[in-house]
Amino acid sequence: MLTFEEKKAVLATFPQLTAKDVSLKRVNYHFEESLYEKTVVVYHLHPNGNGFVFVGDLPGYEADSKGLINIRDFSESELRAAVSDSIRYLSDKPEDEAIEQEELVKETEWKNHEGQVLVLANEDELWNVYTGLNLEESFESFKEAERYLLEEGFRPQSK
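Residues numbered from 1 in each chain as written. Predicted model: local features only at pLDDT ≥ 70, side-chain atom pairs only at ≥ 80, totals over all residues. Heavy atoms only, no water.

With that settled, the discussion passes to the side chain of K7. Locating K7 in the fold gives a position in helix 1 (residues 4-12). Of the side chains with opposite charge, D73 comes closest to the buried, unpaired K7, at an N-O distance of 6.7 Å. From its side chain, K7 meets the backbone oxygen of I71 in a polar contact 3.0 Å long. Once residues within four sequence positions are removed from consideration, K7 is found in contact with L2, L45, G49, I71, R72 and L79. (Helix = DSSP H or I, 4+ residues; strand = E, 2+ residues; numbered from the N terminus. Buried < 20%, exposed > 50% of the residue type's maximum accessible area, 1.4 Å probe, protein only. Lys, Arg positive; Asp, Glu negative; His and termini not counted. Salt bridge = Lys/Arg side-chain N within 4 Å of Asp/Glu carboxyl O. Polar contact = N/O pair within 3.5 Å; in protein donor to acceptor, adjacent residues only side chain to side chain. Contact = heavy atoms within 4.5 Å.)

In structure tokens, the structure reads:
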């Protein structure tokens, strides 16, 4: 297990991160260039060595409901890998999502087995689902919108 000072030394090697002191001598490390509202990469690094890294829903990590993993017993390489993954997660849109967004430039129709039609539209960086002229739901990513529509029994219609 790395000490508090050793973890701080590892984190100092990431020029993208900004350390900010919080209560009880804990330190948060922010990634100000995040593409998302989430900017905290390392949360509550404590002098006892405990702390958390935000990894969201990245595969290979068992994160809690807030997307955090505990780094208390991490080695230097594990800490570096988790922080690198977190920064990449917060700074890149997934390639498959970027490709799918290009394919679905403006809007697509989705239909269920009863013949009901919903329209999925990409507007102002949101994916909106419309029933006629009425907004039904809004999502931050295509993947979220797609998951919702599929769960509701809708399938994309080819033009």
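A word on the environment of E125. Inspection of the secondary structure puts E125 in the loop between strand 7 (117-123) and strand 8 (126-131). Residues E125 and S34, 91 residues apart in the sequence, show an inter-C-alpha distance of 15 Å.

Another aspect to go through is the packing of helix 1 against helix 2 (residues 76-91). When two helices pack together, their arrangement is given by the angle between their axes and by how far apart the axes lie. The contact between helix 1 and helix 2 brings their axes to 10 Å, and the two run at 45°. By the angle class used here, helix 1 and helix 2 are oblique. Crossing geometry of helix 1 relative to helix 2 is assigned as right-handed. Contact residues: K7, V10 and L11 in helix 1; E76, L79, R80 and V83 in helix 2. Residues of the contact of helix 1 with helix 2, tallied by class, amount to 4 nonpolar, no polar and 3 charged. (Axes fitted to C-alpha atoms, helices over the stretch in contact; angles between N-to-C directions. Parallel < 35°, antiparallel > 145°, perpendicular 65-115°, else oblique. Left-handed = near helix turned anticlockwise from the far one by under 90°. Nonpolar A, V, L, I, M, F, W, Y, C, P; charged D, E, K, R; others polar.)

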